[in-house]
Amino acid sequence: MTPVVSRFAPSPTGLLHSGNYRTAIFAYLFAKHSGGKFIVRIEDTDAARSKPEYEKNIFEALVWLDLPADETYRQSDHRARHRELLEKLIVEDVAYVSKEAPQAPGDRAEVIRFRNQGGVIAFTDVIRGSIATDVTDLGDFIIARSLDEPVFHFAVAVDDADEGVTHVIRGADHISNTARQILIQRALNLPEPRYAHLPLILDKAHKKLSKRTGAKALTEYRDIGVLPEAFLNYLALLGWNPGDDREYLSRDELIKAFDLSRVQKGSAVFDEVKLFSVNQHWMRKLSVDDFIAHLNVGRTTSYMDSEMLRRAVPLLKERAHTFSEAREMLFGELSCLFAKTSLDHTLLLVKELPERPGMTKRALEALSAALQALPEGVSAEAVKEALMPLADLEEAKGKGGRGALLWPLRYALSGRERSPDPFTLVSILGHAEAVSRVQTAIAILEK
RNA sequence: GGCCUCAUCGUCUAACGGCUAGGACAGCGCCCUCUCACGGCGUAAAUCGGGGUUCGAUUCCCCGUGAGGUCACCA
């Protein structure tokens, strides 16, 4: 059995989106599952639209996703070979130079066309089964603008054969191109690869994902702090499933389980919310050090005590779905961990009962005493055990409930109406800092 | 419009022709709770329609319908 060789063949004419990289992921997983080769070929035959920065972006993305190519090609490097075969076809009169009336700016007065004999071309798609196309209506299609400028169909047929590609895994939007490419292969006597056309990924409007309609470039997801393992996981399960109930698979598990026979035929809608949910799963699996590295807040560490940051990681894992969201929290609702915020006198008294004036202050004093009695480095659970009995105390009972005490405490510690619970805050801040903040609150009440 | 392809909850999907059509994400509700989040429990939600084949169709066949793709001197 010949080893599998798959390829990812993007054209560097723009930033690639999730749909493009999903085909790369499937091609990679398929090759690696069988221990075969994964090739990346940059299809830059359109010299006018191909840009080096787009090519750079593609490789950046593949590095980020960790989809290393066993071999890398640039289609334009094969110009001599393409020319040789083009000349051969012309000599054999399978192709011919045709005079044209240019229709659009940039059109040539002379192109190379394939002498199409017509008839039905059929192939067996690994995913969809038999697909037949009547190529008669294709006419004598163009295979090159000139001897040195082959067009996509021609270059693909030649390169796939020259590079030993056994499986062409690409989007279903290429189905109708396949017959044309087979025609060229046959004329050139090239081996015919197996084809697997993947279901398309659709946007919310159920249209093919495209940058024109707002699909994000993959690197945008990287930049807002999506983990590559999450992206890989989510995209692999869009149009494929491992055959069991697993929803979260590591890259090794994906390679092990991947199988073209379980690829869906129907297209799938890209759901960012689910991607973020998968991302949260993988964020939670990160070690504290790795998590902080991904946070990438190095420049602000003078503001953020690094020990405090470490202690905040569990809170961030609990809340954030992306690292940019985590950063927002750090500077927003969790900023109270790193700096005291000014307290609003009326907010502090929000749970004060009119019939029991001074209750808030007395509660905070009792809490302050209880906090000082706590040993250093206690868990949130231990803090809760120590403070909860106070919250249930006589004076707080009735209408105010535990909130009569817990609210001023949490507000004194965080300066915010929304924040983690007070026990967690104490355990993170340390009781010295916690006591100092409570004292500050008491001082405000005394004024 | 021609040609090609596809069709299970809102979304991603599972179900040798045979359980009450299962799971996940998102909803919703309850619990936990001073808030936010987490968590726990629960709930709603689907086989596009019509014909066949069969003892029995989500599953196989046909016809509709719908959706998408493609019809470049772009890939």
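Residues numbered from 1 in each chain as written. Chains lettered and ligands numbered in written order. Predicted model: local features only at pLDDT ≥ 70, side-chain atom pairs only at ≥ 80, totals over all residues. Heavy atoms only, no water.

Enquirer: Explain the protein's contact with RNA strand B to me, please; I cannot follow it from the model alone.
Expert: Every one of the 57 residues lining RNA strand B counts as a neighbour, but R145, G239, N241, E318 and P422 are closest to it. Between RNA strand B and R128 there is a distance of 2.6 Å, counted from a sugar or linking oxygen to a side-chain nitrogen or oxygen. Separating a sugar or linking oxygen of RNA strand B from a side-chain N or O atom of E247 is a distance of 3.0 Å. Those elements that place two or more of their residues in the surface near RNA strand B are β7 (129-134), β8 (142-146), α5 (175-188), β13 (268-269), α9 (272-284), α11 (306-319) and α16 (403-414). Class assignment for the residues of the surface near RNA strand B results in 18 nonpolar, 14 polar and 25 charged. (Near = heavy atom within 4 Å. Polar contact = N/O pair within 3.5 Å; in protein donor to acceptor, adjacent residues only side chain to side chain. Helix = DSSP H or I, 4+ residues; strand = E, 2+ residues; numbered from the N terminus. Nonpolar A, V, L, I, M, F, W, Y, C, P; charged D, E, K, R; others polar.)

Enquirer: Please clarify how the packing of aromatic side chains should be interpreted in this entry.
Expert: When we look at a pair of aromatic rings, we describe it by the centre distance and by the angle of the planes. Counted under the stated rule, the structure contains 12 aromatic pairs. Ring centres of F114 and F141 lie 5.2 Å apart, and the angle between their planes is 15°; on these two criteria the pair is classed as stacked. With F114 in strand β5 (residues 110-114) and F141 in the loop between β7 and β8, this pair connects stretches of sequence that are 27 residues apart. The exposure class assigned to F114 is buried, which follows from its relative accessible area of 4%. Classification of F141 as buried rests on a relative accessible area of 4%. With a centroid separation of 6.2 Å and 5° between ring planes, the pair formed by W407 and Y411 is classed as stacked. (Phe/Tyr/Trp six-rings, centres within 6.5 Å; stacked < 30°, edge-to-face > 60°. Buried < 20%, exposed > 50% of the residue type's maximum accessible area, 1.4 Å probe, protein only.)

Enquirer: What is the right way to read the domain arrangement of chain A from this model?
Expert: Often, the extent of an interface is quoted as the loss of accessible area on bringing the components together. What the domain assignment reports for chain A is domain 1 (1-71 + 157-285), domain 2 (286-335) and domain 3 (345-446). One C-alpha centre belongs to domain 1, the other to domain 3, and the line joining them spans 54 Å. (Domains from an automatic or database assignment.)

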